[in-house]
Amino acid sequence: DVKVTQSSRYLVKRTGEKVFLECVQDMDHENMFWYRQDPGLGLRLIYFSYDVKMKEKGDIPEGYSVSREKKERFSLILESASTNQTSMYLCASSSGPPAVKGEFFGPGTRLTVL
Amino acid sequence: GQSLEQPSEVTAVEGAIVQINCTYQTSGFYGLSWYQQHDGGAPTFLSYNALDGLEETGRFSSFLSRSDSYGYLLLQELQMKDSASYFCAVKGFNKFYFGSGTKLNVKP
């Protein structure tokens, strides 16, 4: 059974804190993605990675960074959390060309920044 | 910028057929994808159209017309469990654009 797991379902942080969101997949997928989902805006791609140590900016990378040191793990980092980063964060993974194949999504992390 | 337009909400009865449309203003993308998301759940990939025409997967079909900048998702023999939000998306190499979703309500 394919599985994408995220470190937390709910997270509350304070403005200015450094926040780490972790994602692990057990499908040996090359591609991993971080999205955020906000009401009325759909999903927006923050960053993706198509190989270990490789990363590409998505549509809204500002205020975020990522790390992929191992194939199965993709971390999203908020260097200095702000209230406008309160959102649902979804990690996903896929194989093959990143823009072609459908992704498998994790359960999401609902982050609240106070 | 890029934009995808979908109806915000659609209601249909169990057993019926429903079509969810998606129009977009972008070019240079590889294909049109559709996702399903139940309340409180994660999105699930449903289908992908790389070429113009109809792709069928069980009760679900998806259509793309690049010349019309238009696609749709067709759901047949609706079941109560199909009540969910449905998103269309177009993807280029590092640009993935999603619509804001259509909430489908299936009534008995």
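Draft legend 1. Spatial organisation of the sheet that holds strand β8 (residues 73–78) of chain A. All names here are of chain A. The four strands are arranged β1-β3-β8-β7 in an open sheet whose pairing can be described as antiparallel. Unpaired on one side and paired on the other, β1 (4–6) and β7 (64–70) mark the two borders of the sheet. For this sheet, the mean inter-axis angle between neighbouring strands, taken without regard to orientation, is 20°. Inspection of the sheet shows β1 paired to strand β3 (residues 19–25) by three bridges, in the antiparallel sense. Bridged to Val 4 within β3 is Gln 25.

Draft legend 2. The arrangement of the state of the cysteines in detail. Residue and element names in this part refer to chain A. This structure, assessed with the given rule, holds two disulfides over all chains. Here Cys 23 connects covalently by a disulfide to Cys 91, the sulfurs 1.8 Å from one another. Taking the torsion about the S-S bond as the criterion, the Cys 23 to Cys 91 disulfide, at about -75°, is left-handed. With Cys 23 in strand β3 and Cys 91 in strand β9 (residues 87–94), this pair connects stretches of sequence that are 68 residues apart. Here Cys 91 falls in the buried class, since its relative accessible area comes to 0%.

Draft legend 3. Geometry of the sheet that holds strand β7 (residues 60–65) of chain B. What the five strands build is an open sheet, ordered β1-β3-β8-β7-β6 (chain B); its pairing is antiparallel. Only two strands of the sheet have a single partner each, and these edge strands are β1 (4–5) and β6 (53–57) of chain B.

Draft legend 4. Summary view of the pairing of strand β3 (residues 18–24) of chain B. Residue and element names in this part refer to chain B. Along β3, the buried face is formed by Val 18, Ile 20, Cys 22 and Tyr 24; none of Gln 19, Asn 21 and Thr 23, which line the opposite face, is buried. Relative to β3, β1 runs antiparallel, the two being bridged by two bridges. Following the sheet pairing, Leu 4 is matched in β3 by Tyr 24. For β3 and strand β8 (residues 70–75), the ladder comprises six bridges, and the chain directions are antiparallel. Bridging across to β8, Thr 23 finds its partner in Tyr 70.

Draft legend 5. How the structure looks around the interface of chain A and chain B. Taken residue by residue, the interface counts 25 residues in chain A and 19 residues in chain B. Of the roughly 1,700 Å² buried where chain A meets chain B, counting both sides, 60% is carbon and sulfur surface. It is Leu 43, Asp 59 and Ala 99 of chain A in chain A that bury the most area against chain B; as a group they hold 29% of the surface buried on that side. Viewed at the interface, chain B and chain A are joined by one salt bridge. Notably, a salt bridge pairs Glu 103 of chain A with Lys 91 of chain B, separated by 3.1 Å at the nearest N-O pair. Between the two partners, chain A and chain B, sit three residue pairs in polar contact (both at pLDDT 80 or more). Elements supplying a minimum of two residues to the side of chain A that touches chain B: β4 (31–38), β5 (42–49) and β6 (56–57) of chain A. Top element by residues in the side of chain A that touches chain B is β5 of chain A. It accounts for four residues. When the residues that make up the side of chain A that touches chain B are grouped by side-chain class, the tally is 13 nonpolar, six polar and six charged.

Draft legend 6. Structural context of the packing of aromatic side chains. The full count for this structure, using the stated rule, is 14 aromatic pairs over all chains. Centroid distance Phe 33 of chain A to Tyr 35 of chain A: 6.2 Å. Interplanar angle 25°. Geometry classified as stacked. The same class applies to Phe 33 of chain A and to Tyr 35 of chain A, which are both buried. The interplanar angle of 45° and the centroid separation of 5.4 Å between the aromatic rings of Tyr 35 of chain B and Phe 98 of chain B together place this pair among those described as tilted.

Scoring rules and cut-offs
Residues numbered from 1 in each chain as written. Chains lettered and ligands numbered in written order. Predicted model: local features only at pLDDT ≥ 70, side-chain atom pairs only at ≥ 80, totals over all residues. Heavy atoms only, no water. Pairing = 2+ DSSP bridges. Helix = DSSP H or I, 4+ residues; strand = E, 2+ residues; numbered from the N terminus. Axes fitted to C-alpha atoms, helices over the stretch in contact; angles between N-to-C directions. Disulfide = S-S within 2.5 Å. Buried < 20%, exposed > 50% of the residue type's maximum accessible area, 1.4 Å probe, protein only. Contact = heavy atoms within 4.5 Å. Buried area = accessible area lost by both parts, 1.4 Å probe. Salt bridge = Lys/Arg side-chain N within 4 Å of Asp/Glu carboxyl O. Polar contact = N/O pair within 3.5 Å; in protein donor to acceptor, adjacent residues only side chain to side chain. Nonpolar A, V, L, I, M, F, W, Y, C, P; charged D, E, K, R; others polar. Phe/Tyr/Trp six-rings, centres within 6.5 Å; stacked < 30°, edge-to-face > 60°.

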